[in-house]
Structures are given as structure tokens and as C-alpha cells.
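Observations on the three-dimensional arrangement
Single-letter residue listing:
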Amino acid sequence: MDLGKTAFDDIEIRISRLSGDRSEVTGLAGVFTRVWSAVSNKLNWAFLAMMQLSDGSAHLGGLPPIPAAWAGINDPREYGLQVFNWLFAEGSDLRKGLLQARHYSESSERTVPTEGRLRLKLSLDKDGPELHRVWWEALYDATESKELALEMPMSRFVKNGPPRLWPVIERPLRMCVVISSPPGLEAMGCKPLDVSLEKELISEAVADLSRLIEWRTLVPAPTVSEVESAIAQVRPHIVYVLAHATYNNDGSGYLLFSSEGSAPQLLPFTDFARLVVPPQGEAPYLLILALPLEARVDNVNTLAPLCQMLVAAGVQAVVAVRAPLPKEELLKFTEGFFDNLLRTGVVDTAVMAARQKIYKPGDWAWTFPVLYLCAPDAVLFEPFLTSSSRS
């Protein structure tokens, strides 16, 4: 089934830390957060979860600290079950809200029926790095046959993002591909990229979509100024970046590009966000952050801070591949993602469809892609069949 612009009911869950100074949280969320913070120690709550449903109802729940034992779970389904039971504890108001959302979405008496289709939006506290380390995409309800992210579009929703942009009508879409393998990577503890292979995988993934997308590729070792110049010239709708990342102890990080010297230039996440979205320039609609095949898995640091910066700067959606995908899975995911996205224009259903193509029981790879989103309906581009040549 093509889920393009099909109607969905939203389940939006905002999870906030209850520790520390929450004075910056305003409105109703701030009231509840500060009140619940006062009793969190007695009840062993570390987080407050607030659920908003499409029928207008709201549900609340306190959540305990994230169990350290999760880090030792090797099976993704068992991990997903533990996370589900932590978030939707039996008998909790959040569990009741989930059941209510499912019942409401299946109602045949509504003016605009959704036939059971739900969209899950997780809005995670930007000051809670432990929340961003959780593999939410593995969420599994034991009463269902599949993991949630395989049956409903899922995103890490940025609630206070930039204004909604009109979906792009023109075709072909413009994409700028940046593959960065600068000299001196070994001294940084990183392996050089197989640039030819990486370029071949991207080209193969969009080979059958030449009428819908055109791209410019910067390889093998572009400098920051070359990337900046290319983005200004191409004015891309999509930016695809393949680069190594390194991190500081506080979770801030850098992307590695070429410099005029023998060592790579460490570009801070904040500077990269300004490069992609210049003060007087147009923000791309979609940015894809992929880790090289040679990158090492990092279960502590994530690209979450960079993804949130990009969305806050004006990018409507960011797809970050949290750990390097094996070659076969990377090709399948990228092919499935672009094929679905360029036909329907809806980014969260495109991620879900591509995720389904690489799913294997017991394998974690299908959980690696993570979607950060601010567009409420996830529509970035007009569907191909209704597009015109208007620029």
C-alpha cells in the first residue's frame, strides 16, 4: 500500500527530564514539569512524559531512571520490549492513552477515517542526552506481531522547530552529495573511506530516479569552503553528507573535512549547521547524515545535538544513520527510501518503508536510521504524479 498522503492519527509524546533547573520550560508543559519535579524524588521519577492524541485528549506519566541493564541486551526485540514496558507501563495513564489511540484510529464512524493508521512522534528533552541514546526505533509491544517502527511512521519530533515550508513542487529535485575522506584520518583514530564504493552505492540507489532527482557530488576530500560554495551554487533541496564524526566529553562534536594542512579540519556541529543553512540562504528540506562503512559504532555519543541544531536552523527533516550500515543493507535502505520519498514526498513513511526492506529478526541494522522532524505532516515534496515543471 502506498501510504503517501494517507490520513494518520498522531501519538505525540514529549519526554522531559525532571532533574535540574527547568525554569526555561514554559506554558502548560512548564507547570506540570515543575509540579511533578517537586515529587519526583519520592516516587523515583526521572522523567515526565506527556502524551497528546488526535482526539484532543492528553495523558501523563512519570518515568523511572533508564535502567543500566538495557546496555547489556543483545536482542533488539527484547530491548524494544523493555523500552516499551518502561514507557507504557501496565496500568499507567500512558498505556491507556496508547490503547485509546488505537481504538480511535480504527473507528469507522469518523468523518475522516484512518483505518488504524498511527504516526508516533517522540519529542525528547534536548538536555537529556541519555534519552537520545535509547534505541527508540526498536520499541516492541508484545501484543503486536511487529515492532512499532515497522508498522507506524516514527520520528524524533522537534516541537519548536522552524515555520512549516510549502512542499516542493518542482522536479527534478536538487541534491548535493558530500563524501569526506580527508588526509590524516588515521591519526584521528578513523579509517579512510572507500570513496569509490560509497559513491557507487549512492549512484546505484538513485539510478532509476534520474527524472526525479539530480545531484552534484563532492569527493574525495572537500574542504569546508568547497562544501559551502557548492551548497550556495546548487541550492539543494537535499544534502547527503558522509563523514566521520568525533566527540568531546560533553557530547558536542565535529565532522571531519579536508584542510590545507596534513590534518583534517574538525568542523564543530554548530559551524556545520550554519554552513548548511547560511543566515541569508535557503535551508534544504532534507539532510541525510550517514556514517562511513568504516566508522566504528559509538553507543555513548550520538548525532542528536547536530540533528536538533539543523532542524532548529530551518531544515525540515534530518535522517541520521546512527551506526554504519553494512553494504547490502545500506543499498537496500537508500534505494527504498529515495524511491518512496520521491514518489510520495512524505519522509516518515519513506523511512518506515525503507526500514521494512532491511528488517531481519535479531539484527539491529534496521534500527540505525533515525528521523528528526519538524514538519507536522512529514510532507516535504509534492507527490510525483501531481508535480509540474514549475520552478
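Residues numbered from 1 in each chain as written. Predicted model: local features only at pLDDT ≥ 70, side-chain atom pairs only at ≥ 80, totals over all residues. Heavy atoms only, no water.

This paragraph deals with the sheet that holds strand E8 (residues 238–242). The eleven strands are arranged E3-E2-E1-E4-E5-E14-E13-E12-E8-E6-E7 in an open sheet whose pairing can be described as mixed. Since the sheet does not close on itself, it has two edges, and those belong to strand E3 (58–63) and strand E7 (213–218), each with one partner. Recorded for the sheet is a direction-independent mean angle of 20° between the axes of neighbouring strands. Taken together, the five bridges between strand E13 (residues 317–321) and strand E14 (residues 369–373) define a ladder with antiparallel strand orientation. Bridge pairing in E14 places Val 319 opposite Leu 371. Of the strands in this sheet, strand E1 (9–17), strand E2 (47–53), E3 and strand E4 (118–124) touch helix H3 (residues 93–105), which is tilted by about 145° from E3. Where helix H11 (residues 347–357) meets the sheet, it contacts E4, strand E12 (286–290), E13 and E14, and its direction lies at approximately 175° from that of E14. (Pairing = 2+ DSSP bridges. Helix = DSSP H or I, 4+ residues; strand = E, 2+ residues; numbered from the N terminus. Axes fitted to C-alpha atoms, helices over the stretch in contact; angles between N-to-C directions. Contact = heavy atoms within 4.5 Å.)

Our focus in this paragraph is the sheet that holds strand E11 (residues 265–268). Pairing is antiparallel in the open sheet, where three strands are placed in the order E9-E10-E11. Edge positions in the sheet fall to strand E9 (245–247) and E11, since each has one partner strand and no second. Adjacent strand axes in the sheet meet at a mean angle of 40°, parallel and antiparallel pairs treated alike. As defined by bridge partners, strand E10 (residues 253–257) adjoins E11 across four bridges and the pair is classed as antiparallel. Counted as the bridge partner of Leu 256 is Leu 266 from E11. Here helix H8 (residues 269–276) sits on the sheet in contact with E9, E10 and E11, set at roughly 80° to E11.

Here we take up a negative patch on the surface. A contiguous patch of negative charge on the surface is contributed by Asp 194, Glu 200, Glu 204, Asp 208 and Glu 335. Structurally, Glu 200 can be placed in helix H6 (residues 195–205). Owing to a relative accessible area of 46%, Glu 200 belongs among the partly exposed residues under this scheme. (Patch = residues over 30% accessible without salt bridge, like charges linked within 9 Å, V, L, I, M, F, W, Y side chains within 5 Å. Areas by Shrake-Rupley, 256 points an atom, 1.4 Å probe, with all protein chains shown as cover. Salt bridge = Lys/Arg side-chain N within 4 Å of Asp/Glu carboxyl O. Lys, Arg positive; Asp, Glu negative; His and termini not counted. Charge placed at Lys NZ, Arg CZ, Asp CG, Glu CD. Buried < 20%, exposed > 50% of the residue type's maximum accessible area, 1.4 Å probe, protein only.)

Counted according to the given criterion, the structure contains 17 salt bridges. A salt bridge links Lys 332 to Glu 328, with the nearest nitrogen and oxygen atoms 3.3 Å apart. With a gap of four residues between them, Lys 332 and Glu 328 both fall in helix H10 (residues 327–344), about one helical turn apart. The class for Lys 332 is partly exposed, based on a relative accessible area of 34%. Across the pair Lys 360 and Glu 329 runs a salt bridge, and its minimum N-O distance is 3.1 Å. With Lys 360 in the loop between H11 and E14 and Glu 329 in helix H10, this residue pair connects regions lying 31 residues apart in the sequence.

Next up on the list: the nonpolar core. The tendency in soluble globular proteins is for nonpolar side chains to be buried side by side. Within the largest apolar cluster, 90 residues are counted, with the highest numbers of intra-cluster contacts made by Trp 136, Phe 337 and Val 347. Of the residues forming this core, the biggest block, seven residues, is contributed by H10. Counting 36 residues, the second largest nonpolar core, distinct from the first, contains Val 224, Phe 269, Val 277 and Leu 306. (Core = buried A, V, L, I, M, F, W, Y, C linked by side-chain atoms within 4.5 Å.)

With that out of the way, let us pick up the packing of aromatic side chains. Both the distance between ring centres and the angle between the ring planes are used here to describe each pair of aromatic rings. Inspection of every chain in the model, using the stated rule, returns 14 aromatic pairs. Ring plane angle 15° and centroid distance 6.3 Å describe the contact between Phe 257 and Phe 272, whose orientation is recorded as stacked. Here the residue Phe 257 occupies a position in strand E10, and Phe 272 occupies one in helix H8, the gap between them amounting to 15 residues. Each member of the pair, Phe 257 as well as Phe 272, is classed as buried. Where Tyr 285 meets Phe 381, the ring centres are 6.1 Å apart and the plane angle is 40°; that geometry is what we call tilted. A residue pair is termed long-range when its members are at least 10 positions apart, and Tyr 285 in the loop between H8 and E12 and Phe 381 in the segment after E14 qualify at 96 residues. Look at Tyr 285 and you get buried, because its relative accessible area is 14%. Residue Phe 381 is classed as buried on the basis of its relative accessible area, which comes to 0%. (Phe/Tyr/Trp six-rings, centres within 6.5 Å; stacked < 30°, edge-to-face > 60°.)

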